[in-house]
Amino acid sequence: MTDPSAPGGYPTALGASDRTRITLLGQDLAQDVMGEVGFGELAFWLATQRRPSRGETRVFEAVLAALADHGFTPTAIVTRLTYLSAPDSVQGALAAGLLGGGSRFLGVTEDTGNFLHEALAAHGEPPRDDTGWDELALRLVREQRAAGRFVPGLGHHVHKDGDPRTPRLMDIASEEGLFGPHLSLFAAIGRVHPQVLGKTLPLNGAGVCGAALADLGLPLPLLRGFALLARTAGLIGQLAEEMRNPVANDIFLSVDLNNRPVPPQPDTESAGNTKE
């Protein structure tokens, strides 16, 4: 095993090994990690290089559970269809689903966390009470509305009357003393946005997960990574179900047998802007 005090080389606090021993995060992998550390706790530890408390682990694992699966979303469908096309490539099917995690599905976790963090950084000292939080939230929603932008984490195409994941995750964070400024601002947005938008929208599960992860102090550039980590488990479940009870061929045929030929529709706008 490399001497950590030796100059040069490629330093890492993660996995290292020699002929008889493997270390991970400074721990003996076989003796101190395997069978002793849960996977959620380990994922948090790997990302931050500090071992989370029991409460932090509970909130983090609640986030992973919230984002693991949400039915036949595009990420699940493409995983099943890729497996239909290439059953010899489980890794390809999983990768296809993960590559679909973007601004509309799963990326909201990252977008919300960053939005709240930037707002808090610009505001300075966090408000002291709900009145202060509501004032800050009202200003943010008005700014977003004036700029023609959506508020990340606000609204859901299915759970129009309330996303059940949101109050549950907020309760868990409160129980563990981890309801921090990001969740406080997100909750305030939920209270005040009808004053600006003229309608009530739900705070969605992906958004509350972003707020909770930010309150845990996890690296903001990795927030989408945690959503993808959670969805990996869900996609494995989708694949397992596809193997037992396949539906991908029906999905494929429902499109293939119901296509409707139409005349070509040239993109005249783009063509007119072509320069030689």
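Each chain has its residues counted from 1, following the order in which its sequence is written. Whole-chain, interface and lining totals are the exception, using all residues; otherwise, since this is a predicted model, local features are given only for residues with pLDDT of at least 70 and side-chain atom pairs are given and counted only at 80 or more. Water and hydrogen atoms play no part in the side-chain values, which are based on all heavy atoms of the structure.

Here's the deal with the sheet that holds strand 3 (residues 27-28)
Link 1 in the chain: Two strands pair under a simple rule: DSSP has to find at least two bridges between them. Secondary structure follows DSSP: runs of H or I at least 4 residues long count as helices, runs of E at least 2 residues long count as strands, and numbering of each begins at the N terminus. As summarised here, the arrangement of the 3 strands in space is 1-2-3, forming an open sheet in which the pairing is antiparallel. Single-partner strands in this sheet number two, and they are strand 1 (16-17) and strand 3.

Describing helix 11 (residues 223-244)
Link 1 in the chain: With 22 residues, helix 11 should reach 32 Å at 1.5 Å per residue; the first-to-last C-alpha distance of 32 Å fits that figure.
Link 2 in the chain: Buried means the residue's accessible area, taken with a 1.4 Å probe over protein chains only, is under 20% of the maximum for its type, while exposed means over 50%, and partly exposed covers the values in between. Those residues of helix 11 that sit buried are L223, F226, A227, A230, R231, G234, L235, Q238, L239 and E242. To estimate the expected span of a helix, count its residues, drop one, and scale the result by 1.5 Å.

Digging into the side chain of T75
Link 1 in the chain: Here T75 shows up in helix 4 (residues 74-85).
Link 2 in the chain: For T75, a relative accessible area of 1% gives the class buried.
Link 3 in the chain: As used in this structure description, the phrase polar contact means that two N or O atoms lie within 3.5 Å; if the pair is within protein, one of them must be able to donate a hydrogen and the other to accept it, and residues adjacent in sequence are counted only when both atoms belong to side chains. A distance of 2.9 Å separates polar atoms of two side chains, one belonging to T75 and the other to T73.
Link 4 in the chain: A polar atom in the side chain of T75 sits 3.1 Å from the side chain of R231.
Link 5 in the chain: Look past the residues within four positions of T75 in its chain and what remains in contact with it is G97, G100, G101, R231 and L235. Here, two residues are considered to be in contact whenever any of their heavy atoms come within 4.5 Å of each other.

Here we look at the layout of surface pockets
Once rolled over the atoms, a probe with the size of a water molecule shows which space is left empty.
Link 1 in the chain: Both cavities and pockets are sets of points on a 1 Å grid over the protein atoms alone; in a cavity a 1.4 Å probe fits but cannot get out, in a pocket the set is open with protein on both sides within 12 Å along at least five of seven lines, and lining residues sit with an atom within 4 Å of a point. Grid points are joined across faces, edges and corners, and a volume is the space filled by probe spheres set on the points. As a volume, the largest pocket reaches approximately 870 Å³.
Link 2 in the chain: For the largest pocket, the lining is made up of 31 residues, of which V108, L154, G155, H156 and N204 are closest to its centre.
Link 3 in the chain: Elements supplying a minimum of two residues to the lining of the largest pocket: helix 6 (107-123) and helix 7 (130-146).
Link 4 in the chain: It is helix 7 that provides the largest number of residues to the lining of the largest pocket, a total of 3 residues.
Link 5 in the chain: Residue classes in the lining of the largest pocket are distributed as 13 nonpolar, 10 polar and 8 charged. Residues are grouped as follows: Ala, Val, Leu, Ile, Met, Phe, Trp, Tyr, Cys and Pro are nonpolar; Asp, Glu, Lys and Arg are charged; every other residue, Gly included, is polar.

Observations regarding the nonpolar core
Link 1 in the chain: The biggest cluster of nonpolar side chains holds 50 residues, and the ones touching the most others in it are F60, L169, L185, I189 and L213.
Link 2 in the chain: Breaking this core down by element, the ones donating at least two residues are helix 2 (39-48), helix 3 (54-67), helix 6, helix 7, helix 8 (165-175), helix 9 (181-197), helix 10 (205-215) and helix 11.
Link 3 in the chain: With 8 residues, helix 9 is the single largest residue contributor to this core.
Link 4 in the chain: Residues in contact with F60, not counting those within four places in the same chain, are G40, A43, F44, L213, L216, L218 and F226.
Link 5 in the chain: Grouped together as the second largest cluster of nonpolar side chains are 6 residues, L24, V33, L42 and W45 included. Grouping buried Ala, Val, Leu, Ile, Met, Phe, Trp, Tyr and Cys residues that are joined through side-chain atoms within 4.5 Å yields what is termed a nonpolar core.

Here's the deal with the packing of aromatic side chains
Two aromatic rings, taken as a pair, are described by how far apart their centres are and by the angle between their planes.
Link 1 in the chain: Geometry of aromatic contacts follows a simple scheme: Phe, Tyr and Trp rings, the Trp one being its six-membered ring, pair when their centres are within 6.5 Å, and the pair is stacked under 30 degrees between planes, edge-to-face over 60, tilted otherwise. Under the defined criterion, the tally for this structure stands at 2 aromatic pairs.
Link 2 in the chain: Judged by centre distance (5.5 Å) and plane angle (90°), the rings of F44 and F60 are edge-to-face. Of this pair, F44 sits in helix 2 while F60 sits in helix 3, and the two are 16 residues apart along the sequence.
Link 3 in the chain: Residue F60 is classed as buried on the basis of its relative accessible area of 0%.

As for the packing of helix 6 against helix 9
Between two packed helices, what matters for the description is the angle formed by their axes and the separation of those axes.
Link 1 in the chain: Axis angles are defined between N-to-C directions and span 0 to 180 degrees, where every axis is a line fitted to C-alpha atoms and, for a helix, only to the segment in contact. In the contact formed by helix 6 and helix 9, the axes pass within 10 Å of each other and the chain directions differ by 100°. On the basis of their axis angle, the class for helix 6 and helix 9 is roughly perpendicular. The residues of helix 9 that touch helix 6, namely those facing T112, G113, F115, L116, H117, A119 and L120, are P181, H182, L185, F186 and I189.
Link 2 in the chain: In terms of residue class, the contact of helix 6 with helix 9 is made up of 8 nonpolar, 4 polar and no charged. Here is the rule for angles: anything less than 35 degrees is roughly parallel, anything more than 145 is roughly antiparallel, 65 through 115 is roughly perpendicular, and the remaining ranges are oblique.

A short note on the packing of helix 7 against helix 9
Link 1 in the chain: It is at 7 Å that the axes of helix 7 and helix 9 come closest, and there the two elements cross at 60°. As the angle between them shows, helix 7 and helix 9 are arranged oblique. Classified by chirality, the crossing of helix 9 by helix 7 is right-handed. Residue-level contacts link D130, W133, D134, L136, A137, L138, L140, V141, R142 and R145 of helix 7 to P181, S184, L185, A188, I189, R191, V192, H193, Q195, V196 and L197 of helix 9.
Link 2 in the chain: Of the residues contributing to the contact of helix 7 with helix 9, the split by class is 13 nonpolar, 3 polar and 5 charged. Crossing handedness is read from the near helix: turned anticlockwise from the far helix by less than a right angle, it gives a left-handed crossing, and turned clockwise, a right-handed one.

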